[in-house]
Amino acid sequence: MKKIIGVLAVQGAFAEHINALEQLDVHCIEIRKPADLTDHPLDGLVLPGGESTVMGKLLRELELFEPLKGLIEAGLPVLGTCAGLILLAGKIAEDDTIHFGTMNMVARRNAYGRQLGSFQTEAEFDACGQIPMVFIRAPYIERVGADVDILARVDNHIVAARQGNMIVTSFHPELTADLTVHQYFLRLIQQKAKTCVA
């Protein structure tokens, strides 16, 4: 049975995530309205890169915010990239805005500034070795709580982390041909399924 992943498709780089996941034999559902969450039993959720302020506004206007927050809080595995990281952050530095606020971390929006607004590098990702990382006006994580595992750093900044069933990256794994992060997310989903069965 193919895993079914919901990809938030209201704004941002959702099509690229779908392309990456379909290469891994995953069935993707574009999430645009509340019915998309109830019509399909989701195994996981992707919150893509884009503009976090716009996405937060659209989530509320489309009545997706509360249903998605409920699913995340109930333990649905979620991968948040770039803007998705901001949506999950418990606190945003120098900003009172909180979106889902489900991850015990402080994120800084557009942290690299204009000079390094967009760049590409390679760095270690958890125990998976070096992977390519594309940053586009990216945030990074300033601080994490004791219950958050750091998965990657670039120039001593935290750019990927995990807390329970939530994984976030500052970079855009969907914009390279490397599928490591998506495979990592699918392993997390598989582990949760085994735990539920047990």
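This text follows the structure it describes.
Since the structure is predicted, the reported quantities are computational estimates derived from the model, not experimental observations. (Residues numbered from 1 in each chain as written. Predicted model: local features only at pLDDT ≥ 70, side-chain atom pairs only at ≥ 80, totals over all residues. Heavy atoms only, no water.)

With that out of the way, let us pick up the packing of aromatic side chains. With the rule as written, the count across this model stands at five aromatic pairs. Ring centres of Phe 125 and Phe 171 lie 6.5 Å apart, and the angle between their planes is 85 degrees; this geometry places the pair in the edge-to-face category. Pair noted here: Phe 125 is in the loop between strand E7 (118-124) and strand E8 (130-136) and Phe 171 is in the loop between strand E12 (166-169) and helix H6 (180-197), with a separation of 46 residues, a long-range link. Summarising the burial analysis for this pair, Phe 125 and Phe 171 share the class buried. On the numbers, 5.1 Å between centres and 75 degrees between planes, the contact of Phe 125 with Tyr 184 is edge-to-face. You can see Phe 125 sitting in the loop between E7 and E8 and its partner Tyr 184 sitting in helix H6, a full 59 residues away along the chain. Following the ring pairs from residue to residue traces out a cluster consisting of Phe 119, Phe 125, Phe 135, Phe 171 and Tyr 184. (Phe/Tyr/Trp six-rings, centres within 6.5 Å; stacked < 30°, edge-to-face > 60°. Helix = DSSP H or I, 4+ residues; strand = E, 2+ residues; numbered from the N terminus. Buried < 20%, exposed > 50% of the residue type's maximum accessible area, 1.4 Å probe, protein only.)

We now examine the nonpolar core. Leu 8, Leu 47, Leu 88 and Phe 100 are the most contacted members of the largest nonpolar core, which totals 34 residues. The contact partners of Leu 88, leaving out residues within four places of it in the chain, are Leu 47, Ile 72, Val 78, Gly 80, Phe 100, Gly 101, Thr 102, Met 103, Met 105, Met 166 and Val 168. The next biggest cluster of nonpolar side chains, apart from the first, holds 30 residues, and it includes Val 7, Ala 9, Leu 79 and Val 154. (Core = buried A, V, L, I, M, F, W, Y, C linked by side-chain atoms within 4.5 Å. Contact = heavy atoms within 4.5 Å.)

Let us now look at the environment of Val 78. Relative to the helices and strands, Val 78 resides in strand E4 (residues 78-81). For Val 78 and Gly 44, which are 34 residues apart along the polypeptide, the C-alpha to C-alpha distance reads 5.7 Å. Those residues in contact with Val 78 that lie beyond four places of it in its chain are Leu 45, Leu 47, Ile 72, Leu 88, Asn 165, Met 166, Ile 167 and Phe 185.

Among the structural elements, Thr 176 can be located in the loop between E12 and H6. Looking at Thr 176, its side chain comes within polar contact range of the main-chain oxygen of Pro 173, at 3.5 Å. A distance of 3.1 Å separates the side chain of Thr 176 from the backbone nitrogen of Asp 178, its partner in a polar contact. Apart from residues lying up to four places away in sequence, Thr 176 is in contact with Pro 132 and Val 134. (Polar contact = N/O pair within 3.5 Å; in protein donor to acceptor, adjacent residues only side chain to side chain.)

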